[in-house]
Amino acid sequence: MSVDYTLDIRGESCPYPVIYTLETLRDMQKGQLLQVIADCPAAFRNVPEEVVKHGYTMAREPVRDGQEFTLYIRA
């Protein structure tokens, strides 16, 4: 899987992970892959829910690594 852009939002609390992810996706071309690295526990659920509501696709299941997790979203 080739990542087109990485958004590192570790340290940001909700709702900022959702806001920053949606803003980044809006600036990307359709079909590009966004990698989001975060550590806000609520974002693990909220970001995938919101991006799907806005018409984007989760490219794979979230990957958890201790407190941090990585999301892969197709614009």
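Q: Would you mind going over the pairing of strand β2 (residues 33–38) with me for this structure?
A: Where a strand is regular, its side chains alternate between the two sheet faces. When you tally the buried positions in β2, you get six out of six residues, the bulk of the element. A two-sided burial pattern is seen for β2, the buried positions comprising L33, Q35 and I37 on one face and L34, V36 and A38 on the other. One ladder, built from four bridges, connects strand β1 (residues 5–8) with β2; its direction is parallel. Its bridge partner being in β2, Y5 is matched across the sheet by L34. The parallel pair β1 and β2 is bridged by helix α1 (residues 16–27), and the resulting crossover is right-handed. Relative to strand β4 (residues 68–74), β2 is paired through six bridges, and the arrangement is antiparallel.

Q: Please explain the side chain of T21 as it appears in this structure.
A: Take T21: it is sitting in helix α1. According to the relative accessible area criterion, T21 is buried, its value standing at 0%. Leave out the neighbours within four places in its chain, and T21 touches L7, I9, L34, V36, V47, V51 and I73.

Q: Sorry if this is basic, but what is going on with the sheet that holds β4 here?
A: In any sheet, the strands associate via hydrogen bonds between backbone groups, in a parallel or an antiparallel arrangement. Read from one edge to the other, the open sheet built from four strands follows the order β1-β2-β4-β3, with strand pairing classed as mixed. Looking at which strands have only one partner, the edges of the open sheet turn out to be β1 and β3 (57–65). The mean inter-strand angle of the sheet, taken between neighbouring strand axes irrespective of direction, is 15°. As paired strands, β3 and β4 are joined by six bridges and run antiparallel to one another. Pairing of V63 across the sheet is with T70, part of β4.

Cut-offs applied
- Counting restarts for each chain, with residues numbered from 1 along the sequence as it is written.
- Reporting of local features is limited, given that this is a predicted model, to residues whose pLDDT is at least 70; pairs of side-chain atoms are given and counted only at 80 or more, and all residues count toward the totals for whole chains, interfaces and linings.
- Computation of side-chain values: all heavy atoms of the structure, hydrogens and water removed.
- Under the scheme applied here, a residue whose accessible area is under 20% of the maximum for its type counts as buried, over 50% as exposed, and between as partly exposed, the area being computed with a 1.4 Å probe on protein chains only.
- Helical segments are the DSSP runs of H or I of at least four residues, strand segments are the runs of E of at least two, and each set is numbered from the N terminus.
- DSSP calls a pair of strands paired once it identifies at least 2 bridges connecting them.
- Classification remark: right-handed applies to a crossover when, strands pointing away from the viewer, the course from the first strand over the helix to the second runs clockwise.
- When checking whether two residues touch, look at their non-hydrogen atoms; a contact exists if any pair is within 4.5 Å.
- Between N-to-C directions, angles cover 0 to 180 degrees, with each direction set by a line fitted to C-alpha atoms, over the stretch in contact for helices.

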